[in-house]
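Residue-level structure breakdown
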Amino acid sequence: MNDQPITEEDLDFIDSIFEKYATENSIVSVSELDGFLTAIVSGPDMILPSEWLAEIWGGAEQMPNWESKEELTRFMHIVMGIMNDNAEVLMEQPEDFQALVLVDMQHDEPVDVVSLWCGGYMRGIALSSQDWLNLPENLQAHFSCIALFGSEEGEEILVDFADHEIEELQQEIEPAARALHAYWLEQRADVAPRRPRTGPTAQILPFVRTQPKTAPNEPCPCGSGKKFKKCCGAS
């Protein structure tokens, strides 16, 4: 995996990949992807890469016909880098977590566009167990805040809100993501111990592994159809 920090160039590359390969049912931007990956690392159970990678494209049958191995490998490294960065920050320095929200310039004033990020988050939790429906009462408001901006039902409700009310709710999205991650992290700790770090560059995984690592000759979990050692495991 790439231990280098994610750069603006990396994020632009991800957006260019979505422009190139996006389908009607796929994730369409790096902001939506960030929300999706945040939900994946924040939920009650482990979701296998083979499952969430397919969901990025709207299903296994819609995964791209990659132009080259290098293109696929770079995409995978950046995606896993974003995912692990989010997991590490939320686990160790949650106060520093920031959602990757798009900024739109309206009348020369920056306006946050949170719907894509929240939509990605809602897409991520849809892959998880139904435990999200049974959150404690004090966390329901956090979940509802993200759902307001990330669902069609929420969009209909927000029509009746004043601009200042919407702005206030937008400010609660990152605290909501922190609170929901902290809750499920505590629940997971009751099931299995946290994976210890082995050094300053140790990869931070969002969940304790319950499945065996991919063997070199097994199909790559990215869905390319190649052996792992000939695809994402080549570097």
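What comes next is a walk through the structure. On a predicted model such as this, the values are computed, not experimentally measured, just so you know.

What follows is about the packing of helix 1 (residues 8-21) against helix 4 (residues 69-92). For the pair helix 1 and helix 4, interaxial distance at closest approach is 10 Å and the crossing angle is 120°. Judged by the inter-axis angle, helix 1 sits oblique to helix 4. The crossing of helix 1 and helix 4 is left-handed. Contacts from Glu9, Asp10, Leu11, Phe13, Ile14, Ile17, Phe18, Lys20 and Tyr21 of helix 1 reach helix 4 at Glu71, Arg74, Phe75, Ile78, Val79 and Ile82. Of the residues that constitute the contact of helix 1 with helix 4, the class distribution is 10 nonpolar, no polar and 5 charged.

On to a negative patch on the surface. A contiguous patch of negative charge on the surface is contributed by Asp163, Glu165, Glu167, Glu168 and Glu172. As for its placement among the helices and strands, Glu165 is situated in helix 8 (residues 163-170). Classification of Glu165 as partly exposed rests on a relative accessible area of 33%.

Bringing the nonpolar core into the picture now. Leu33, Trp52 and Phe75 are the most contacted members of the largest nonpolar core, which totals 58 residues. Only helix 1, helix 2 (30-42), helix 3 (49-56), helix 4, helix 5 (115-125), helix 6 (137-150) and helix 9 (173-189) provide two or more residues apiece to this core. Tallying contributions element by element places helix 4 first for this core, with 10 residues. With residues up to four places along the chain from it excluded, the contact list for Phe75 reads Phe13, Ile14, Ile17, Phe18, Trp57 and Trp66.

Parameters at a glance
Residues numbered from 1 in each chain as written. Predicted model: local features only at pLDDT ≥ 70, side-chain atom pairs only at ≥ 80, totals over all residues. Heavy atoms only, no water. Axes fitted to C-alpha atoms, helices over the stretch in contact; angles between N-to-C directions. Helix = DSSP H or I, 4+ residues; strand = E, 2+ residues; numbered from the N terminus. Parallel < 35°, antiparallel > 145°, perpendicular 65-115°, else oblique. Left-handed = near helix turned anticlockwise from the far one by under 90°. Contact = heavy atoms within 4.5 Å. Nonpolar A, V, L, I, M, F, W, Y, C, P; charged D, E, K, R; others polar. Patch = residues over 30% accessible without salt bridge, like charges linked within 9 Å, V, L, I, M, F, W, Y side chains within 5 Å. Areas by Shrake-Rupley, 256 points an atom, 1.4 Å probe, with all protein chains shown as cover. Salt bridge = Lys/Arg side-chain N within 4 Å of Asp/Glu carboxyl O. Lys, Arg positive; Asp, Glu negative; His and termini not counted. Charge placed at Lys NZ, Arg CZ, Asp CG, Glu CD. Buried < 20%, exposed > 50% of the residue type's maximum accessible area, 1.4 Å probe, protein only. Core = buried A, V, L, I, M, F, W, Y, C linked by side-chain atoms within 4.5 Å.

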